[in-house]
Amino acid sequence: MKKQTAMNRDWIATARTLSEALPYLQRYDDAIVVIKFGGNAMGDDDEMDGFARDIVLMQQVGVNPVIVHGGGPMINEMLEKLGIQSEFVNGKRVTDAATVEVVEMVLSGRVNKRIVQAINRQGGKAVGLSGKDANLMICDQTNPDLGFVGTPAEMNPNVLHTLFGADTIPVIAPLGAGRNGETYNVNGDTAAGAIAASLKADRLLLLTDVAGVKNAEGDVMTEITPDQIRQMTAEGIIAGGMIPKTETALVAIEGGVRAVVILDGRAPNACLLELFTEHGAGSIIRG
Ligand code: X2W
């Protein structure tokens with residue numbers, strides 16, 4: 001009897017959560033939400049299925065989700081297998097001709113298709129592309145010292161609007177087309193920021209493996225302004241791997257994205273918690 005009561009309470013709580021989601025569902029109806037899914041946030045098959053399920057739910061309730069993925073750890077693994085040395089300078093992989101081939105193989109092949117298949121298995125309709133498809137992301141070389149690392153220079157997001165119109169979820173590998181037929185390796189955060197700005201997205205969610213931006217005391221800040229980011233970076237409080245994320249956030253906001261959220265993608269239902277509950281998750285930066 002006791003068990004029954006506890007169970008009823010669970011169902012009542014579930015129904016209440018759904019009911020309380022109504023204003024959020026209304027707010028995000030037809031919104032464009034770009035989700036950067038980093039290699040460190042991907043986890044095992046069960047976690048991947050959980051992520052895919054959340055994305056399909058988002059689309060089912062009227063959001064237009066766009067996934068831009070990374071895959072740094074998976075590239076490292078393959079380069080190691082092939083005996084190719086690799087190093088990073090300021091968060092960007094020095095990419096020679098042999099490395100860019102591996103990067104494309106791993107990102108557009110293995111990682112992209114794993115995400116596409118996970119979404120489709122949950123009943124969604126995902127299509128995998130890279131920045132090369134339909135000239136979505138044309139790049140210039142970032143710096144000759146980094147080799148085939150690209151900076152997004154010209155975006156053509158029309159193909160994404162076509163996919164939204166067909167209830168299809170784009171899953172994008174961060175590779176860019178060079179103007180002379182080169183393939184460019186683009187940092188996943190940078191690519192997500194450029195794509196979100198080209199779409200003037202309502203939200204850019206940067207899923208990573210930390211809970212958000214931390215202050216000097218080490219506490220996660222639920223909201224942070226662009227000015228605070230600049231100041232905390234100058235003071236060295238924002239450092240290391242967080243810098244590419246906060247820089248992406250600033251570029252995206254300047255490019256017309258309404259808000260950027262940096263959050264822990266490994267937390268269960270991270271995206272749903274952020275979009276559809278009062279609680280939110282991670283650190284939000286508003287334009
Ligand atoms: C990245 C692309 C993948 C990526 C790389 O080669 O690792 C550059 O550094 P995560 O998982 O999001 O770190 N590109 C230029 O960004 O993956």
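Everything that follows concerns the structure shown earlier in this document.
If you're wondering where the values come from, they're calculated on a predicted model, not measured in any experiment.

(A) Expanded view of the side chain of Thr168. Following the sequence through the fold, Thr168 ends up in the loop between helix H6 (158-165) and strand E8 (169-173). A polar atom in the side chain of Thr168 sits 2.9 Å from the backbone oxygen of Ala166. Excluding residues within four positions of it along the chain, Thr168 makes contact with Gln59, Lys125, Ala126, Val127 and Leu163.

(B) Expanded view of the nonpolar core. Ile35, Phe37, Ile67, Ile115, Ile119, Leu207 and Phe276 are the most contacted members of the largest nonpolar core, which has 46 residues in total. Elements represented by at least two residues in this core include exactly strand E1 (32-37), helix H3 (45-60), helix H4 (72-81), helix H5 (97-121), E8, strand E11 (203-208), strand E12 (259-264) and helix H10 (270-276). For Ile35, the contacting residues outside a window of four places in its chain are Phe51, Ile55, Met58, Pro65, Val66, Ile67, Val68, Leu205, Leu207 and Cys271. Core analysis: the second largest hydrophobic core is formed by 37 residues, Tyr184, Ile195, Ile229 and Ile262 among them.

(C) Here's a closer look at the site of the ligand. Around the ligand, the structure places 17 residues, and the nearest of them are Lys36, Gly39, Gly71, Arg93 and Gly188. Gly71 has a polar backbone atom sitting 2.9 Å from an oxygen atom of the ligand. Between the ligand and Arg93, the relevant distance is 2.7 Å, taken from an oxygen atom to a side-chain nitrogen or oxygen of the residue. Bound to the protein, the ligand loses 91% of the 430 Å² it would expose on its own. For the shell around the ligand, the elements supplying multiple residues, two or more each, are H4 and strand E4 (92-93). With three residues, H4 is the largest single contributor of residues to the shell around the ligand. Split by residue class, the shell around the ligand holds five nonpolar, nine polar and three charged.

Calculation notes
Every chain is numbered on its own, with residues counted from 1 as its sequence reads. Per-residue local features are limited, in this predicted model, to residues with pLDDT of at least 70; the limit for side-chain atom pairs, both in listing and counting, is 80 or more; totals at the level of whole chains, interfaces and linings are taken over all residues. Side-chain measures here rest on the full set of heavy atoms in the structure, leaving out hydrogens and waters. Secondary structure elements are defined from DSSP: runs of H or I of at least 4 residues count as helices, runs of E of at least 2 residues count as strands, and each element is numbered from the N terminus. Each polar contact in these results corresponds to two N or O atoms within 3.5 Å; when the atoms are within protein, one needs to be able to donate a hydrogen and the other to accept it, and residues that are neighboring in sequence are counted only if both atoms are side-chain atoms. Throughout, a contact is declared for two residues whenever any of their heavy atoms are within 4.5 Å. Here, nonpolar core means buried Ala, Val, Leu, Ile, Met, Phe, Trp, Tyr and Cys residues that are tied together by side-chain atoms lying within 4.5 Å of each other. A 1.4 Å probe rolled over the protein chains alone gives each residue an accessible area, and that area as a share of the maximum for its type sets the label: buried under 20%, exposed over 50%, partly exposed in between. Proximity criterion: a residue is near a molecule or strand once any of its heavy atoms comes within 4 Å of it. Note on areas: these come from Shrake-Rupley sampling with a 1.4 Å probe, and a residue is covered only by the protein chains present in the view. For this classification, Asp, Glu, Lys and Arg are treated as charged, while Ala, Val, Leu, Ile, Met, Phe, Trp, Tyr, Cys and Pro are nonpolar and the rest, including Gly, are polar.

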